[in-house]
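The residues making up each chain are set out below.
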Amino acid sequence: MEFRGAVVLPERILEYGRVVCCGGKITAIEELEKPERPSGRYILPGLVDIHNHGAMFHDYMEATEEAFDAITRYLTSHGITTTQCTTVSAPVERILQCIQFYRKQLKKKSEGRPVCRLAGIHIEGPYIAPENRGAHPLDALLTPEDGYQWILENSNVIGEVTVAPELPGMARMIRDLRARGIVVSGGHDHAELEDVRQAVESGMTHCTHIYCAMSTLHKTNGHRRCGLTEYAMTHDNLTAEIIADNHHVPPLLARMVYQAKGPEKLCVVSDAISPSGLPESPEIYQLGAGEGCTKVIVEGGVAMVADRSCYAGSVQSIDRMVRNLVRDAGIPLADAVRMASLTPAEIIGMDHDCGSIEVGKRADLCIMDKNLQVCQTIIEGQVAYER
């Protein structure tokens, strides 16, 4: 199978190119002479979303086949070929139910068209700060001193954990997680700069949704003090996520973060929740599942907790965010695509297999039209979605 169009590579675009796929792998990439009739299509690598909670009225925390199928098929229709299932703060027993169901899904044989690959679990909370918990339920929060053995016991499927650096015992927890190969991400924190530095020295390498529920510039006894936001913006030893929905991070701020971090250190995430993919309505949704989870509404294209006190994740997928970055923030297409594919793949250690159009990698592609709308999603050389 082959695909022709403008091929988006990590650092440039082949205006007239051809990608050849065979046996589920990319076998050739060729630059062609200008055709008489250009296809008007962009050939992107399959998009990679490492922070996604749900879609189509479902949340991964439901731990049901219906939920996982609805979410992954929605993602596939938006060009996403690899994703991390993201949990939300909840009683540990409920998170463990999600983890155990995830294990079952990995063994499930797909029938019919393929869907986006599950590449691990992102545990967002409960080891976060009450002051910056956002939409996470307060009574579900923990500190490392409450124990985290359950994470270590499931480290073969947990790819990332979001933590607040300042919590008591966090330095040791970070070292223990890193020893098991888990990516540690700072976020939902109330940290001082000293806490951030200690966390980085202990092995923290990533930041969860920069500028959102994150410690930042403040005054203490009349003196300005920086937080995790400023550290992440100025230090190359930390990568960072950006929710580029034009709400959590407006276009001007997105451009500023991009200019500070560059596309190699900044990745686009959806942080999408259950209303994603549905028409806006007065419906009450949930972040998480079961008793005590957060009630959410959608107004003006953004999700908020029911009392409207803060945002509660996004309702956009990352193909839309790529368009936002290009059209509204003025970021070059090749960089916006890299931030939604290769950079997140690198962060979770999957770049050997996906995230860019390279010979030998999985034949995961996202085909877009000239308006950057998804036309086809290709997974391992097979058509998984077609508009």
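Use the structure listed above.
For clarity, every value in this text was computed on a predicted model and none was experimentally measured.

Draft legend 1. Region of interest: the overall build of the chain. Regarding its fold elements, the chain presents 10 helices and 22 strands. Relative to the 2.2 N^0.38 estimate, which gives 21 Å for 387 residues, the radius of gyration of the chain is 20 Å and therefore close to what a compact globule would have. If one aligns the C-alpha atoms of the chain with their principal axes, the spans along those axes are about 65 × 45 × 45 Å. For the chain, buried positions account for 59% of its 387 residues. At a minimum sequence separation of 6, the contacts of the chain that also span at least 24 residues come to 66%. Working note: accessible area of the chain is about 15700 Å², and carbon and sulfur atoms make up 48% of it. A distance of 4 Å separates the average location of the 38 positive side-chain charges in the chain from that of its 51 negative side-chain charges.

Draft legend 2. Quick look at the packing of aromatic side chains. A complete count under the given rule lists 4 aromatic pairs for this structure. Linked through ring pairs, Tyr60, Phe68 and Phe101 together constitute an aromatic cluster.

Draft legend 3. Inspection of the pattern of salt bridges at higher detail. Counted under the stated rule, the structure contains 16 salt bridges. With a closest N to O distance of 2.7 Å, Arg18 and Glu30 form a salt bridge. Here the residue Arg18 occupies a position in strand β2 (residues 13-22), and Glu30 occupies one in strand β3 (residues 25-31), the gap between them amounting to 12 residues. Exposure remark for Arg18: the relative accessible area of 16% places this residue in the buried category. Lys25 is the partner of Asp353 in a salt bridge, and the nearest nitrogen-oxygen pair spans 3.7 Å. In this pair, Asp353 is assigned in the loop between α10 (342-347) and β20 (365-368) and Lys25 in strand β3, connecting sequence segments 328 residues apart. A cluster of three or more residues bridged by salt bridges with shared partners is formed by Lys25, Arg117, Asp353, Arg362, Asp364 and Glu380.

Draft legend 4. Examining the nonpolar core more closely. Membership of the largest hydrophobic core comes to 105 residues, with the highest contact counts inside it found for Tyr127, Ile151, Met204, Val268 and Leu325. It is helix α2 (residues 92-107) that provides the largest number of residues to this core, a total of 6 residues. Apart from residues lying up to four places away in sequence, Met204 is in contact with Pro165, Ile174, Val184, Ser185, Gly186, Val196, Ala199, Leu228 and Leu238. In terms of nonpolar packing, the next biggest core, distinct from the first, is built from 13 residues, Phe3, Leu9, Ile43 and Ile378 among them.

Draft legend 5. Local environment of the layout of surface pockets. The computed volume of the second largest pocket comes to approximately 290 Å³. A per-class count over the lining of the second largest pocket returns 10 nonpolar, 8 polar and 4 charged.

Draft legend 6. View of the packing of helix α1 (residues 65-76) against α2. Interhelical geometry of α1 versus α2 gives an angle of 65° and a closest axis separation of 11 Å. Relative to α2, α1 is oriented so that their crossing is right-handed. For the pair α1 and α2, contact is made by Glu65, Phe68 and Asp69 and by Phe101, Tyr102 and Gln105, respectively. Taken together, the residues that form the contact of α1 with α2 break down as 3 nonpolar, 1 polar and 2 charged.

What counts as what
Residues numbered from 1 in each chain as written. Predicted model: local features only at pLDDT ≥ 70, side-chain atom pairs only at ≥ 80, totals over all residues. Heavy atoms only, no water. Helix = DSSP H or I, 4+ residues; strand = E, 2+ residues; numbered from the N terminus. Rg over C-alpha atoms; globule rule 2.2 N^0.38 Å. Buried < 20%, exposed > 50% of the residue type's maximum accessible area, 1.4 Å probe, protein only. Contact = heavy atoms within 4.5 Å. Areas by Shrake-Rupley, 256 points an atom, 1.4 Å probe, with all protein chains shown as cover. Lys, Arg positive; Asp, Glu negative; His and termini not counted. Charge placed at Lys NZ, Arg CZ, Asp CG, Glu CD. Phe/Tyr/Trp six-rings, centres within 6.5 Å; stacked < 30°, edge-to-face > 60°. Salt bridge = Lys/Arg side-chain N within 4 Å of Asp/Glu carboxyl O. Core = buried A, V, L, I, M, F, W, Y, C linked by side-chain atoms within 4.5 Å. 1 Å grid on protein atoms, 1.4 Å probe; cavity = no way out; pocket = protein on both sides within 12 Å on 5 of 7 lines; lining within 4 Å. Points joined across faces, edges and corners; volume = space filled by probe spheres on them. Nonpolar A, V, L, I, M, F, W, Y, C, P; charged D, E, K, R; others polar. Axes fitted to C-alpha atoms, helices over the stretch in contact; angles between N-to-C directions. Left-handed = near helix turned anticlockwise from the far one by under 90°.

Functional significance is not addressed by these values, which are geometric in nature.
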